[in-house]
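Architecture at a glance
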Amino acid sequence: MDKILIRGGQPLHGTVQVRGAKNSTLPLMAASILAEQPCVLHNVPCLHDVFTMDKILSGLGMRIEFTGRYMTLDASSLDSPVAPYDLVRKMRASFFVLGPLLARYGKARVSLPGGCAIGTRPVDIHLKGLEALGAKLTVEEGYVVAEGALTGTEFTLDFPSVGATENLLMAACRAQGMTRLNNVAREPEIVDLAQFLNSLGARISGAGTDLITVVGVDALGGAEHTVIPDRIEAGTFLIAGVATRGDVTVLNANPDHLPSFLNKLRDAAVEVEVQGTRIRARATDGFKASDIITQPFPGFPTDLQAQMMAMLCVADGVSVIKETVFENRFMQVAELARMGADIALDGNAAVVRGVKKMCGAPVMASDLRASAALVIAGLIAERGETAVSRVYHLDRGYERIEERLAALGADIQRVREG
Ligand code: EPZ
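The paragraphs below set out a description of the structure included in this document. (Residues numbered from 1 in each chain as written. Predicted model: local features only at pLDDT ≥ 70, side-chain atom pairs only at ≥ 80, totals over all residues. Heavy atoms only, no water.)

What to know about the site of the ligand
To be explicit about the condition: Throughout, near means a residue has at least one heavy atom within 4 Å of the molecule or strand. Here a polar contact means two N or O atoms within 3.5 Å. Within protein one must be a hydrogen donor candidate and the other an acceptor candidate, and residues neighboring in sequence count only if both atoms are side-chain atoms. Using the Shrake-Rupley algorithm and a 1.4 Å probe, accessible areas are obtained, with residue cover drawn only from the displayed protein chains. For helices the rule is a DSSP run of H or I covering at least 4 residues; for strands it is a run of E covering at least 2, with both sets numbered from the N terminus onward.
Residues in close proximity to the ligand total 22 residues, the closest being R92, D124, S161, D303 and V325. Within the contact set of the ligand, a nitrogen atom lies 3.4 Å away from a backbone nitrogen or oxygen of P122. Protein chains shield 89% of the accessible area of the ligand, which is 830 Å² for the free molecule. Contributions of two or more residues to the shell around the ligand are made by α1 (22–31), α5 (124–132), α6 (162–172) and α12 (368–380). Per-element tally for the shell around the ligand: the top contributor is α5, with three residues.

See the structure below:
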């Protein structure tokens, strides 16, 4: 396993290209199961999670070519609607294959995803929605076994779950008749998926609002699609710049995908400049504390909570961070405390008292975004060296992050560990 070594204390300066969105690429790849002609995806990020989804779909018989940022997917020879436990347990997003497999083949056998560091992450909303569409579901030896023809329905999600919205949206495309999905997720990745499905020939309206209507069709063709920019990667690099009192610009971003986050930076007296797809954040004179409540889009994204916490560890003042989306997403707190942070936990709230200095230390990554927070804390630490272990968590969602941070002036390197 690799380690990332950081000697912090230097402000980051410069520009960095934002890659394609991981949380759009994964459902888009799953959606290609529905396509009866080959599909092409552009701007695909080179990430471990994408490789895992490639393995899962190839295991189902999908033919995938992935070079650079260009991916072709051909589902014409798909032959086994079984997604195996050993791959699904590694990545929850693999559960997104259930809806399309069921919709196209009338049957599917997909392992239940395990929990993970940030919570139990049940799939009850996915299953209730598929049953509302007429699927017969049983659970056998840790697998969901689904079968039956799908019929349009009206279904209200208990919570605007991103994954459940995506699974149900893909299933409804091939259901007989009209489906209305209420209280759906409104994330940009949902809009991206709906646009891709419509380019395959689906009839979806309302994506991006809390009510999506789908009129089922008999078949879906092929399409070419460009993945939207990764808003969480953009936010992570901007936070790294601010946290080090630097001046960083992200390129090829979409500021409309980060409304609440950019407002929070402005609240913290950070200079934010938006010009088309360029977003610049400058904090050379430091920044203030800011209270954060994570919420479904368009609220503050839970996937930027840990990174923001690392930044607020050295803000001027006291910040209160409330995590309302996941039940256990403060895994970074104990590690940040080892570096001198002053954070008190009270249920789903964290009180972060800004300190003057942080100090490097050996720390352990626990999940994707917590590991990004530890890297940011390492960039802040003015004394000592930070060694982040278990960086495979980081590689799931960030492409060569150490090289791209080094290009912004960070003293950071990856070393092989053991
Ligand atoms: C997606 O996960 C993202 N992953 C997550 O990003 C992101 O944090 C999350 O949405 C919220 O925005 C991908 O898109 C691949 P949810 P997902 O279903 O779909 C509960 C990252 O770091 N819930 O919206 O799994 C669930 O337990 C990852 O890139 C149910 O109770 O998230 C959680 O508390 C982490 N029952 C909340 O809803 C269900 O059936 C939000 O989960 C489904 C979800």
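Considering the environment of T120
Put simply, the test is: To sort residues, take the accessible area from a 1.4 Å probe on protein chains only and compare it with the maximum for the residue type: under 20% means buried, over 50% means exposed, and anything in between is partly exposed.
Structurally, T120 can be placed in the loop between β7 (107–111) and α5. The exposure class assigned to T120 is exposed, which follows from its relative accessible area of 55%. Sequence separation of T120 and N328 is 208 residues, and the distance between their C-alpha atoms is 8.8 Å.

Some words on the pattern of salt bridges
Put simply, the rule is: The term salt bridge refers to a pairing of a side-chain nitrogen on Lys or Arg with a carboxyl oxygen on Asp or Glu at a separation within 4 Å.
The tally for this structure, following the rule as stated, stands at 26 salt bridges. Note that E271 and R282 form a salt bridge whose closest N and O atoms lie 3.2 Å from each other. Placement of E271 in strand β16 (residues 271–275) and of R282 in strand β17 (residues 278–282) is noted, with a sequence separation of eleven residues between them. Several salt bridges share partner residues, and in doing so they unite D2, D395, E402, R414 and R416 into one network.

A few points about the pairing of strand β5 (residues 70–74)
Test applied: By definition, two strands form a pair when at least two bridges between them are found by DSSP.
Alignment of strand β3 (residues 39–42) against β5, held across three bridges, turns out to be antiparallel. Across the sheet, residue L41 finds its bridge partner in β5, namely M71. Pairing geometry for strand β4 (residues 63–67) and β5, over five bridges, is antiparallel. Note that in β5 the partner of E65 across the bridge is T72. Following β4, the chain reverses through two residues before pairing antiparallel with β5; G68 in that reversal takes a positive phi of roughly 60 degrees.

Re the sheet that holds β16
Remark on secondary structure: sheet strands pair via backbone hydrogen bonds, oriented parallel or antiparallel. Our working rule: Only the contacting stretch of a helix is used when fitting its axis, a line to C-alpha atoms as for every element, and angles between N-to-C directions run 0 to 180 degrees. By definition, residues are in contact when any of their heavy atoms lie within 4.5 Å.
One open sheet holds the four strands; their spatial order is β2-β15-β17-β16, and the pairing between them is mixed. Only two strands of the sheet have a single partner each, and these edge strands are β2 (13–17) and β16. Across the sheet, the axes of successive neighbouring strands diverge by a mean angle of 15 degrees, strand direction being ignored. Strand direction decides the pairing type here: strand β15 (residues 247–251) and β17, joined by four bridges, are antiparallel. Paired with T249 across the two strands is R280, which belongs to β17. Where helix α8 (residues 231–243) meets the sheet, it contacts β2, β15 and β17, and its direction lies at approximately 165 degrees from that of β15. This element, helix α9 (residues 259–267), spans β16 and β17 of the sheet and lies at about 145 degrees to β16.

Things to note about the packing of aromatic side chains
Just so we agree on the cut-off: Classification of ring pairs rests on two measures: the distance between centres of Phe, Tyr or Trp rings, Trp counted by its six-membered ring, which must be within 6.5 Å, and the angle between planes, read as stacked under 30 degrees, edge-to-face over 60 and tilted in between. Both a distance and an angle decide whether a charge sits over a ring: NZ of Lys or CZ of Arg must be within 6 Å of the ring centre and within 35 degrees of the ring normal.
Applying the stated criterion to the full structure yields two aromatic pairs. With a centroid separation of 6.1 Å and 50 degrees between ring planes, the pair formed by F51 and F66 is classed as tilted. With a gap of 15 residues between them, F51 in helix α2 (residues 48–59) and F66 in strand β4 connect regions that are remote in the sequence. Positioned over the ring face of Y143 is R109, at 4.5 Å from the centre of the ring.

What about helix α4 (residues 98–105)?
Since one α-helical turn is 3.6 residues long, residues separated by three or four positions face the same way. Taking burial as the measure, the eight residues of α4 include seven buried ones, the bulk of the element. Where the residues of α4 are buried, they touch α1, β7, α5, β9 (143–147) and α6.

So, unusual backbone geometry
The amide bond that connects F297 to the next residue, P298, takes the cis arrangement and shows omega of 5 degrees. Assignment of secondary structure puts P298 in the loop between β18 (292–293) and α10 (305–312). One non-glycine residue, N43, lies in the positive phi region at around 65 degrees. Topologically, N43 is positioned in the loop between β3 and α2. Of the residues examined, N43 reaches a relative accessible area of 23% and is grouped as partly exposed.

Topic: the pairing of strand β20 (residues 342–346)
Across five bridges, the pairing between β20 and strand β21 (residues 349–353) is antiparallel. Among the inter-strand pairings, L345 is bridged to a residue of β21, identified as A350. What sits between the antiparallel neighbours β20 and β21 is a turn of two residues, in which G347 has the positive phi angle 65 degrees.

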